[in-house]
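Here is how the chains run, residue by residue.
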Amino acid sequence: MIRIATLDDIPVIQQIAYNTWPSTYGGIISEAQIKYMLDLMYSTESLIQQMAKGHQFYLFEKEQPTTSENEVLGFASVSNESAGVFKLNKLYIVPTAQKTGAGKALLSAVKGYAIQNGGKELILQVNKQNPAIEFYKRQGLSILSENIFELEKGFVMDDYIMGIQL
């Protein structure tokens, strides 16, 4: 089940990010850069600002038959970047729920949001060594360009920009 996230969901978004980033990026970037990126993008203040700027967050939940609380297995966020261009900013699934359709469902929700809001293209940035590139290709996205983004403290993001026409 997919639902729109609210400010009340910030702790669960943070928990998933802090649980998935080390396994996703541990062999790609340094532990120091992982910590820097998590602080930059997933601090409570940063997530509040992202939501205030119109970033739409979605949660993928699995119903728990024995309790009234659903288990959140992943999240995504999307924003309107320019006329007709939307950006998938984040899509993370807990490692135990990867390859279950959760990522595909979240990507579908993001595409639907973009289309409903006049989107003609969906783009994203992904580390060149991230295995998720193959997932995105299977979902119809293609590599549009390569970019190196310089960050503070000497860190860099060596990414592909991928996209799909909506």
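Before any of the text, the structure's been laid out above.
Residues numbered from 1 in each chain as written. Predicted model: local features only at pLDDT ≥ 70, side-chain atom pairs only at ≥ 80, totals over all residues. Heavy atoms only, no water.

Asks: How should the side chain of Gln14 be read in this particular structure?
Replies: Relative to the helices and strands, Gln14 resides in helix H1 (residues 10–25). With sequence-adjacent residues up to four places away left out, Gln14 is seen in contact with Tyr42, Ser43, Thr44 and Leu47. (Helix = DSSP H or I, 4+ residues; strand = E, 2+ residues; numbered from the N terminus. Contact = heavy atoms within 4.5 Å.)

Asks: Explain the sheet that holds strand S1 (residues 2–4) here, please?
Replies: Within a sheet, neighbouring strands are paired by backbone hydrogen bonds and run either parallel or antiparallel to one another. An order of S1-S2-S3-S4-S5-S7-S6 is seen for the seven strands of this open sheet, with the pairing classed as mixed. Lying at the two open borders of the sheet, with one neighbouring strand each, are S1 and strand S6 (142–150). Direction aside, the axes of adjacent strands within the sheet are offset by 30° on average. By the bridge criterion, seven bridges tie strand S2 (residues 56–62) to strand S3 (residues 71–82) in an arrangement that is antiparallel. (Pairing = 2+ DSSP bridges. Axes fitted to C-alpha atoms, helices over the stretch in contact; angles between N-to-C directions.)

Asks: How do you make sense of the layout of surface pockets when you look at a structure like this?
Replies: Within this model, the largest pocket holds a volume of roughly 1,200 Å³. Residue contributions to the lining of the largest pocket peak at seven residues, all from strand S4 (residues 85–93). A breakdown of the residues in the lining of the largest pocket according to their chemical character gives 24 nonpolar, 17 polar and nine charged. (1 Å grid on protein atoms, 1.4 Å probe; cavity = no way out; pocket = protein on both sides within 12 Å on 5 of 7 lines; lining within 4 Å. Points joined across faces, edges and corners; volume = space filled by probe spheres on them. Nonpolar A, V, L, I, M, F, W, Y, C, P; charged D, E, K, R; others polar.)

Asks: Sorry, what's going on with the pairing of S6 here?
Replies: Relative to strand S7 (residues 156–165), S6 runs antiparallel, the two sharing eight bridges. Opposite Phe149, over in S7, you have Met157 as the bridge partner.

Asks: Teacher, can you tell me more about the packing of aromatic side chains here?
Replies: The geometry of an aromatic ring pair is captured by two quantities: the separation of the ring centres and the angle between the planes. In the structure shown here, the tally under the stated rule is ten aromatic pairs. With centroids separated by 6.0 Å and ring planes inclined at 75°, the aromatic side chains of Tyr42 and Phe75 adopt a geometry described as edge-to-face. Placement of the pair is Tyr42 in helix H2 (residues 31–42) and Phe75 in strand S3, with a sequence separation of 33 residues. In terms of burial, Tyr42 and Phe75 fall into one category: buried. With 5.9 Å between their ring centres and 45° between their planes, Phe75 and Tyr92 make a pair best called tilted. Of this pair, Phe75 sits in strand S3 while Tyr92 sits in strand S4, and the two are 17 residues apart along the sequence. Every member of this aromatic cluster is reached through a ring pair, and the members are Trp21, Tyr25, Tyr42, Phe75 and Tyr92. Sitting over the ring of Tyr42, Lys90 keeps its end group 5.3 Å from the ring centre. (Phe/Tyr/Trp six-rings, centres within 6.5 Å; stacked < 30°, edge-to-face > 60°. Buried < 20%, exposed > 50% of the residue type's maximum accessible area, 1.4 Å probe, protein only. Lys NZ or Arg CZ within 6 Å of the ring centre and 35° of its normal.)

Asks: Any chance you could explain the packing of H1 against helix H3 (residues 44–52) here in plain terms?
Replies: Packed helix pairs are characterised by how far apart their axes lie and by the angle those axes make with each other. Orientation of H1 relative to H3, taken along the N-to-C sense of each, is 115°, at an axis distance of 10 Å. Relative to H3, the crossing made by H1 is right-handed. Here Ile10, Ile13 and Gln14 of H1 come into contact with H3, specifically with Thr44, Leu47, Ile48 and Met51. In terms of residue class, the contact of H1 with H3 is made up of five nonpolar, two polar and no charged. (Left-handed = near helix turned anticlockwise from the far one by under 90°.)

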